[in-house]
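Take a look at the letters that make up each chain.
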Amino acid sequence: MPMRVGIRISRSAIDAIGLVVACILLSACEALSGYPASVQDDAAVINADQPYFSPNVRSIGESPSDSDRGGLTQRQYRDMVVYRQLEAIDLRYYEFEAALTSTYNTLDVAADLAVLVLSGFGATTGGATTKAALAAASAGIVGAKTVVQTDVFYQKTLPALIVQMRASRQAALATIKSGLTTDVSRYSIDQALNDVKTYYVGGSLPSAISQVTAQAGATLDAANKKLDLVRDAAFKQGLEQTSSILDRVIKLTPAQALVVAKLMELNLSARSQTLQQILKNRDPKGKHLQDGAIAQAFLQQWVVLDDRDSASQKQWADALDAATK
Amino acid sequence: MPATTTTREVFPKATFSLSDVQKQQQLEIKAGAIRSTIDQTSDPQNYILITEWNVLGENDP
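All values reported here derive from a predicted model rather than from experimental measurement.

Draft legend 1. Fine view of the overall build of chain A. Within chain A, the secondary structure is distributed over 14 helices and one strand. Split into buried and exposed, the 325 residues of chain A put 25% on the buried side.

What follows is the structure, given as structure tokens:
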């Protein structure tokens, strides 16, 4: 006789699972985008704007005859085309931005609600089998939510990308509005439509990522340049003496290195900010004043990167003499 | 992987020959640098000596 294997789940557990499904469905229907619903029929507006996206708007705009433009001058027609295109692009952009933010919010809220319901029923209702089934379902949702929450893109970078998209659009819009204050001889419909295209692209994720990356790269370059040590002829002249000072530092015992480090520390504040920062980066915990081996490694770097004027080299010689006498 | 810190030194080509920069590079290796490279091309006016150093005291509690 065949055996039937299965788990019996109580009615209350079935109710709980039904409530969870309802939470998720409700959340999916009512996406918490944070944006109010549009007060107009966006699709109808965009549909009405379609003639202004026609490929022949450029040729119509440049036609010498106003009759080709329904009696509008070249400038009036240019302005009309640009503003209608901007209107349609804006509507699509706001839909896009709302969809980006609601994607994360919907999943997050649904998972929160589901976990609360399942955990609550698991703790308070049914027998051991029911509790185990509910706990397992709850754990599954927690796991799924963790996946969502560790999505770095949505949690951490999306707000920055939205700000970048808005900034890029605003910059392009400023160019367009400035151009539209002038005649078509100075700001043709061709130029205007190219700028409108820039406005559209500015509101895209690839453009925002590219901008943010470029800015980060520029910031890194600027930070690196601040820590550049620029060498001059005096540095070149002091090479041999520096080499001999380095040899002396390498031969120090740890105890002697600690003495030299403490003596030379008195001179550090007179060095350039750049050199001070470099040495701080090398020993961020300041261990060169406590540990002989670290002091020696720290001094070796300092010697070879240090200024090579006679005063600096005398300081080294005096400190080494004092430690090794 | 141990933490490292990088130094960049700018040597004007009008003052320094490649050999001068190589001598400085050897000195830094002797002083404990992990590695060092000379960038001869990215800046037409200067040699750039880029040297990597280990961060000290990193394994201490």
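We are not done yet, so read on.
Draft legend 2. Fine view of the overall build of chain B. A count of helices and strands for chain B gives one helix and three strands. Starting at the N terminus and walking to the C terminus, you meet the elements of chain B as β-α-β-β. Taking all 61 residues of chain B together, the buried fraction comes to 30%. By sequence separation, contacts in chain B at least 24 residues apart represent 57% of the contacts at least 6 residues apart.

Draft legend 3. Seen up close, the sheet that holds strand β2 (residues 35–39) of chain B. Pairing within the open sheet is mixed, and its four strands lie in the order β1(A)-β1(B)-β3(B)-β2(B). Unpaired on one side and paired on the other, β1 (228–230) of chain A together with β2 of chain B mark the two borders of the sheet. Taken over all neighbouring pairs, the strand axes of this sheet differ in orientation by 20° on average, direction set aside. The sheet contact formed by strand β1 (residues 4–12) of chain B and strand β3 (residues 46–54) of chain B spans nine bridges and is antiparallel. The partner of Arg8(B) across the bridge, within β3(B), is Ile50(B). Packing of helix α12 (residues 273–282) of chain A onto the sheet brings it into contact with β1 of chain A together with β1 and β3 of chain B, and relative to β1(B) it is tilted by some 155°.

Draft legend 4. Inspection of the pairing of β1(B) at higher detail. Residues Thr5(B), Thr7(B), Glu9(B) and Phe11(B) point to one face of β1(B) and are all buried, whereas Thr4(B), Thr6(B), Arg8(B), Val10(B) and Pro12(B), pointing to the other face, are not buried. Note that β1(A) and β1(B) share three bridges and pair parallel. Paired with Asp228(A) across the bridge in β1(B) is Arg8(B).

Draft legend 5. The arrangement of the interface of chain B and chain A in detail. Each side of the interface is counted separately: chain B has 20 residues, and chain A has 29 residues. At the level of secondary structure, the elements contributing two or more residues to the side of chain B that touches chain A comprise β1 and α1 (18–30) of chain B. Ranked by residue count, the leading element in the side of chain B that touches chain A is β1(B), at six residues. Here the residues of the side of chain B that touches chain A are counted per class, giving eight nonpolar, five polar and seven charged.

Draft legend 6. Up close: α12(A). Turning to α12(A), its buried residues are Ile278(A), Leu279(A) and Arg282(A). All buried residues of α12(A) lie within an arc of 95° about the axis, which places them on one face of the element. Exposed positions of α12(A) whose direction lies more than 90 degrees from the buried face are Gln273(A), Gln277(A) and Lys280(A). Against the buried residues of α12(A) lie α13 (292–305) of chain A together with β1 and β3 of chain B.

Draft legend 7. Molecular detail of the environment of Glu62(A). Within the secondary structure layout, Glu62(A) lies in helix α3 (residues 57–62). The spatial distance from the C-alpha of Glu62(A) to the C-alpha of Arg75(A) is 9.6 Å, given a sequence separation of 13 residues.

Draft legend 8. Molecular detail of helix α7 (residues 189–202) of chain A. Residue and element names in this part refer to chain A. End to end, α7 covers 20 Å across 14 residues, agreeing with the expected 20 Å (1.5 Å per residue, within 8%). Within the span of α7, buried status applies to Ile189, Ala192, Asp195, Tyr199 and Gly202. Buried residues of α7 fall within an arc of 135° about the axis and therefore sit on the same side.

Draft legend 9. The packing of α12(A) against α13(A), seen in detail. Residues and elements named next belong to chain A. Orientation of α12 relative to α13, taken along the N-to-C sense of each, is 155°, at an axis distance of 11 Å. It follows from the interaxial angle that α12 and α13 lie roughly antiparallel. Here α12 runs over α13; the crossing is right-handed. Between α12 and α13, the contacting residues are Leu275, Ile278, Leu279 and Arg282 on the first element and Phe298, Gln301, Trp302 and Leu305 on the second.

Draft legend 10. Spatial organisation of the pairing of β2(B). All names here are of chain B. Pairing of β2 with β3, which is carried by five bridges, proceeds in the antiparallel orientation. Paired with Ile38 across the bridge in β3 is Leu49. Joining the antiparallel neighbours β2 and β3 is a turn of six residues.

Draft legend 11. Region of the structure containing the environment of Asp228(A). Here Asp228(A) is to be found in strand β1. The class for Asp228(A) is partly exposed, based on 14 C-beta atoms found within 10 Å. For Asp228(A) and Ile278(A), which are 50 residues apart along the polypeptide, the C-alpha to C-alpha distance reads 9.5 Å. Every residue in contact with Asp228(A), bar those within four places of it in the chain, is listed here: Arg8(B) and Val10(B).

Draft legend 12. Molecular detail of the nonpolar core. Residue and element names in this part refer to chain A. Ranked by size, the top nonpolar core spans 28 residues in total, and within it Ala257, Val260, Ala261, Ala295, Phe298, Leu299 and Val303 carry the most contacts. Of all the secondary-structure elements, those providing two or more residues to this core are α10 (239–250), α11 (254–268), α12, α13 and α14 (310–324). Tallying contributions element by element places α13 first for this core, with nine residues. For Val260, the residues in contact, after removing those within four places along its chain, are Leu252, Leu299, Ala319, Leu320 and Ala323. Val81, Ile89, Val184 and Ile189 belong to the second-largest nonpolar core, a separate cluster that totals 13 residues.

Draft legend 13. Seen up close, the confidence of the model for chain A. Confidence in the prediction for chain A averages 81 pLDDT; 73% of positions are at 70 or higher. Across residues 25–31 of chain A the pLDDT falls below 50, and counting only partners more than four positions away or on other chains, this stretch makes nine contacts in the model.

Calculation criteria
- Residues numbered from 1 in each chain as written.
- Chains lettered and ligands numbered in written order.
- Predicted model: local features only at pLDDT ≥ 70, side-chain atom pairs only at ≥ 80, totals over all residues.
- Helix = DSSP H or I, 4+ residues; strand = E, 2+ residues; numbered from the N terminus.
- Buried ≥ 20, exposed ≤ 12 C-beta atoms within 10 Å, placed from the backbone.
- Contact = placed C-beta atoms within 7 Å.
- Pairing = 2+ DSSP bridges.
- Axes fitted to C-alpha atoms, helices over the stretch in contact; angles between N-to-C directions.
- Nonpolar A, V, L, I, M, F, W, Y, C, P; charged D, E, K, R; others polar.
- Arc of directions from axis to C-beta.
- Expected span 1.5 Å × (residues − 1).
- Parallel < 35°, antiparallel > 145°, perpendicular 65-115°, else oblique.
- Left-handed = near helix turned anticlockwise from the far one by under 90°.
- Core = buried A, V, L, I, M, F, W, Y, C linked by C-beta atoms within 7 Å.
- pLDDT = per-residue confidence, 0-100.

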